[in-house]
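Summary of structural features
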Amino acid sequence: MSAVAADVAPVRRRSAGLVAQARRAWQVTSAFTWLGYTEELAYPLNFALKQAQPIFTVVVYYYVSLLVDSGPNVASDYYSFVVVGAVVIRMLDSGLGSFSATLEATVNQGRLESLLVEPIRWKLIPFGLASWSILTSAITAVVMAGLGVLIGVDVKLDGVLTATLILVLGIGASHALGIVAAAVKLISKRGNPFVTLYGMAVVLLCGLMFPVSSLPAPLRGASYLLPPTYAIQGVRRTLLPGGEGLTGPSTLVSALALGGFCLVVYPVSLWLYGRSVDIGRRYGTLAGY
Amino acid sequence: MPDSRRAGTPLVEVDHLTKIYEPSPRWMSVMLKSSIREPVLAVHDLSLKVWPGQLSAVVGPNGAGKSTLFRVLTGLITPTSGRVSVAGIDVVGDARAARRRIGFMPADDRSLNLRHTCWQNLWFHGRLQGMSGPELRVAIDEALATVGLEHVHDRTGHALSSGMKARLQLARALLHEPSILILDEPTGTVDPIGAYDLLQLIQRLAAERGLAVLLSSHRLEEIAALEDNVIFINRGEVVHTGSMDSLREVMEQPILRLRFDTEASARAARACLDAYGDLEVTIDDTELAVAGNPSPGVVLPRLGEHLARIEAVDRSRLPLQELISRLMRAEVPIAGTRRRSQPPVVATHGSPS
């Protein structure tokens, strides 16, 4: 074997290993997505109402926007401002809440133990369990955006690509926090103080219904610790006409903040999840409730 | 089982396993109250081996440590000390590889998705096992046929009887062709006839496929049926391993009782037996008690002319329930069974979860 071939061989092996891992991850995730799909469709009315509710809010926001004066801090108009915020939150929220909610449901149904004895990476289980929920949330968010545009949301089409990138980074950051939530859930079993507190903070601080600049300085500072603030700000700046004039971080800063958040929090969250699993195995509480 | 079948390597090896459940630390109790306040010894210095083709039943009262043993084997909990391996793979070091070799059937039929059909339940499990396409479809059909559920493949879990659910769980455990089956009370919710059939099936599969099967059971008829391979555990320790006959030899120690027509006849017969010097004989009124599990065929001919004075001979065996109860109640080491060493902490019950 030549020296070049010898150098290339380990790289090929690594690539083949990565491909096999990706294939396995896809196989597991798609199986879980199918599971979520079939379970969801077993209760069709519940499914329909769950999807209709956020879409309904797009209409509600329209009538609320008629009462609110648009100003420089909401770019073109308040309706576009709030619907874009709601769509972003819908996308991001699915990752955070679904991980722990689906894990809790599985524990309560008594099915976690049988999943844990499958030869899959335990880190894939929260991703798998949440996959259907994430997918439906994404579809609902797209429908919300479409309906919003039909009703009167004004967007710049040339900003869609950048907004998508920001959104992907935001979802990544949200998933990282979702894994932290799942790690807490493995120990706490019921409820999730982390998700509850985070959810409240997002509604108050991240600029969903009003600009972050309206908040008093200490709360404004806190809002910049939360990834949704950057995701909402970044998407609004790129999608809304006049969005570049919004006060707060620029699109580049938002993208960098979200990217940095992913880079730091993802490994930490996976480590935390692993620790929770180890604790559960040690104290014998892994599959309990 | 015959020694020849033990020529290979055992598929399940538990070596001096100890598991102590500790109360969770204070920071954890803020989120979830610990169900224990002091360390609980669930399994203490337990060792066992299961060979290819061998079916072993783990028997013991609630809290004996059966579930803890099974959870350690499937990697759900980590041992405090000791080594556990399946198919030569350390379950702590490489739990995922070990789980690939195991087919697990939990005691709870809620582990099935009851809204899914039999076929769908197996499909989902097969995908998680890394199977797909025609390979998976063929494996599902074969697994359903093996357990006799091929005719209800499209029936949902809710529409299955308890026996069918148990069979579906067995099919799921068999789907990926594991070399080891761990069955936690497989017949727990099944009627006696169905349980018997299921056990027969499991025994046949173990023999035909060379599977190492470890199952837990509370059913006395099953324990009786599994004569040769019963592992009795109590308070986390193996108290007896082997055949029911060997357990009877150790625990039962039957006494041969001979009732004579008169006390004088009994005394004369005793003198006759004492002359041999190898039997422990006591007398109570007209009854002689010969200890040490003697065979009537050995004792009676020794009585000679006194044989005609016997009115009754009694050498009844203990019912299985009483035999096991005696074993579990035994406070002192029993000859031939494992000596119970002093546990480091008080064992009160099994897994805290």
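This write-up is about the structure you can find in this document.

Cut-off values and rules
- Residues numbered from 1 in each chain as written.
- Chains lettered and ligands numbered in written order.
- Predicted model: local features only at pLDDT ≥ 70, side-chain atom pairs only at ≥ 80, totals over all residues.
- Core = buried A, V, L, I, M, F, W, Y, C linked by C-beta atoms within 7 Å.
- Buried ≥ 20, exposed ≤ 12 C-beta atoms within 10 Å, placed from the backbone.
- Contact = placed C-beta atoms within 7 Å.
- Axes fitted to C-alpha atoms, helices over the stretch in contact; angles between N-to-C directions.
- Helix = DSSP H or I, 4+ residues; strand = E, 2+ residues; numbered from the N terminus.
- Parallel < 35°, antiparallel > 145°, perpendicular 65-115°, else oblique.
- Left-handed = near helix turned anticlockwise from the far one by under 90°.
- Pairing = 2+ DSSP bridges.

Formed by 151 residues in total, the largest nonpolar core has its most connected members in V88(A), L258(A), A171(B) and V213(B). With sequence-adjacent residues up to four places away left out, L258(A) is seen in contact with I166(A), L169(A), G170(A), A173(A), P227(A), Y230(A) and A231(A). With 11 residues, the next largest nonpolar core counts L258(B), A266(B), V290(B) and V299(B) among its residues.

Residue and element names in this part refer to chain A. Orientation of helix α2 (residues 44-65) relative to helix α5 (residues 124-151), taken along the N-to-C sense of each, is 25°, at an axis distance of 9 Å. For the element pair α2 / α5, the angle class is roughly parallel. α2 and α5 meet at a crossing whose hand is right-handed. In this structure, α2 uses Q51, P54, I55, V58 and Y62 to contact α5, whose residues at the interface are T136, T140, V143, M144, L147, G148 and I151.

Residue and element names in this part refer to chain B. Across the sheet, 4 strands lie side by side as β12-β13-β11-β14; this open sheet has antiparallel pairing. A strand with exactly one partner marks an edge of an open sheet, and here the two such strands are β12 (280-284) and β14 (310-314). Within this sheet the neighbouring strands show an average axis-to-axis angle of 20°, counted without direction. Note: β12 against strand β13 (residues 287-291), 5 bridges, orientation antiparallel. Each bridged residue has a counterpart across the sheet, and for T282 the counterpart in β13 is A289. Taken strand by strand, helix α10 (residues 263-274) contacts β11 (256-260), β12 and β13, and its axis lies near 170° from that of β12.

With antiparallel pairing, 4 strands are arranged side by side in an open sheet as β2-β1-β4-β5 (chain B). At either end of the open sheet lies a strand with only one pairing partner, and these are β2 (40-50) and β5 (89-90) of chain B.

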